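# Notes for the structure review
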Amino acid sequence: MRLLGNIIWFVFGGFLMGLGWWLAGLLSAITIIGIPWAVAAFRIGSFSFWPFGREIVDQAAGGLGKSISLLGNVIWILLFGWWLALGHLLSAVLCAITIIGIPFALQHIKLAGLALAPFGKQIVPILKGL
């Protein structure tokens, strides 16, 4: 079922949103300072291509790690996060028009939240049977 969901997702919007993430990653990688943002954008871009079967969880970090993540997220929101989140929210509204599209709309909403604050998050596979 995950494979079918991922294929439908990829064809009807996941491909374009993944390309948007990868474009943000390429633009971030232009400078040495932007490399951490580029790595996050490519990681989330691949998640945006195939989101079913994986989930977003908070990454364990100490006080300094949380402060660095907060700073990285603020810079990210100003440069790329707002337009990626807007793209995911618009896609969610379009998907939610039909009953069949509601699971896809929920995935776009998760990705919109991740678009605003990608640092301090981790993408992990969903374990079967739990």
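Computed from a prediction, not measured in an experiment: that's the story for all the values here.

Time to look at the side chain of Gln107. Examined against the element boundaries, Gln107 turns out to sit in helix H4 (residues 102-116). With a relative accessible area of 7%, Gln107 lands in the buried category.

So, on to the pattern of salt bridges. Any two side chains of opposite charge can pair if their charged atoms end up close together. Tallied over the full model, the rule gives 1 salt bridge. Where Lys121 meets Asp58, a salt bridge forms, and the shortest distance between an N and an O atom there is 2.5 Å. Pair noted here: Lys121 is in strand E2 (residues 121-125) and Asp58 is in strand E1 (residues 54-58), with a separation of 63 residues, a long-range link. Taking relative accessible area as the criterion, Lys121 reaches 27% and is therefore assigned partly exposed.

On the surface, a nonpolar cluster with roughly 910 Å² of combined accessible area is contributed by Met1, Leu3, Leu4, Ile7, Ile8, Val11, Phe12 and Trp50. Along the chain, the position of Ile8 falls in helix H1 (residues 2-28).

Conventions adopted
- Residues numbered from 1 in each chain as written.
- Predicted model: local features only at pLDDT ≥ 70, side-chain atom pairs only at ≥ 80, totals over all residues.
- Heavy atoms only, no water.
- Helix = DSSP H or I, 4+ residues; strand = E, 2+ residues; numbered from the N terminus.
- Buried < 20%, exposed > 50% of the residue type's maximum accessible area, 1.4 Å probe, protein only.
- Salt bridge = Lys/Arg side-chain N within 4 Å of Asp/Glu carboxyl O.
- Patch = residues over 30% accessible without salt bridge, like charges linked within 9 Å, V, L, I, M, F, W, Y side chains within 5 Å.
- Areas by Shrake-Rupley, 256 points an atom, 1.4 Å probe, with all protein chains shown as cover.

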